[in-house]
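Read off the chains here:
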Amino acid sequence: MNTKKINHIGIAVNSLDASIPFYRDQLGMEFEGSEVVEDQKVKVAFLVVGESRIELLEPTCAESPVAKFIEKKGEGIHHIAYEVEDVAKAIEEMKEKDVRLIDQAPRRGAHNSMIAFLHPKASGGVLTELCQPAH
Ligand code: CMX
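1. Looking at the overall build of the protein
Then comes step 1: The helix and strand tally for the protein stands at 3 helices and 8 strands.
Then comes step 2: Its helices and strands taken in sequence order, the protein reads β-α-β-β-β-α-β-α-β-β-β from the N to the C terminus.
Then comes step 3: Taking 14 Å as the expected radius of gyration for a compact globule of 135 residues, we find that the protein reaches 15 Å, a close match to that expectation.
Then comes step 4: Taken along its principal axes, the extent of the C-alpha atoms in the protein is 45 × 30 × 25 Å.
Then comes step 5: Among the 135 residues that make up the protein, the fraction classed as buried is 43%.
Then comes step 6: Sequence-distant contacts in the protein: of pairs separated by 6 or more residues, those separated by 24 or more amount to 52%.
Then comes step 7: Split by element, the accessible area of the protein, about 7,500 Å² in all, is 50% carbon and sulfur.
Then comes step 8: Averaged over its 16 positive side-chain charges, the protein has a centre that lies 4 Å from the centre of its 22 negative ones.

2. Structural notes on the sheet that holds strand S2 (residues 30–37)
Then comes step 1: Strand order in the open sheet formed by 8 strands is S2-S3-S4-S1-S5-S8-S7-S6, and the pairing between neighbours is mixed. Each edge of the open sheet carries a strand with a single partner, namely S2 and strand S6 (107–108).

About the cut-offs
Residues numbered from 1 in each chain as written. Predicted model: local features only at pLDDT ≥ 70, side-chain atom pairs only at ≥ 80, totals over all residues. Heavy atoms only, no water. Helix = DSSP H or I, 4+ residues; strand = E, 2+ residues; numbered from the N terminus. Rg over C-alpha atoms; globule rule 2.2 N^0.38 Å. Buried < 20%, exposed > 50% of the residue type's maximum accessible area, 1.4 Å probe, protein only. Contact = heavy atoms within 4.5 Å. Areas by Shrake-Rupley, 256 points an atom, 1.4 Å probe, with all protein chains shown as cover. Lys, Arg positive; Asp, Glu negative; His and termini not counted. Charge placed at Lys NZ, Arg CZ, Asp CG, Glu CD. Pairing = 2+ DSSP bridges.

Here you go:
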């Protein structure tokens, strides 16, 4: 599998409005916009850092997995997303290599990307996302 770069680092926050100013105004990152990813019950905001992004994740309801994450661990790094060319192919490769997966098939992420999560037990407790951008 050709892991091309870190596409983004996901950070769980209680409030985008409260968190964006630190990255945008203190660190000087370009704010790229925000969107709701309905089926994952999160609102995300992207801030550009070089060829990667910081993805702030705000839960949209109490049942959101990100709300549960914050409840358990507090705000902080939620996942690392590696960019791949073909996420469906990458999933098949992970299966062949007996890597434990959360997603057996690609699903839609932010910006119309296609994504898949590996199980954190496969990666030392770090939630790992494979991400195929839309372009
Ligand atoms: N870091 C480390 N471990 C995590 C974790 C995280 N962020 N999230 C979940 N886990 C652990 C759980 O504690 C659980 O461990 P145990 O099996 O030991 O109990 C295990 O992983 C499975 O978690 P789960 O919540 O029971 O499993 P689900 O299949 O219901 O959901 C996941 C897994 C990761 C998809 C979900 O928790 C989640 O975080 N969903 C939101 C994903 C997200 O960020 N979406 C926006 C992405 C947009 C984009 O990047 O484009």
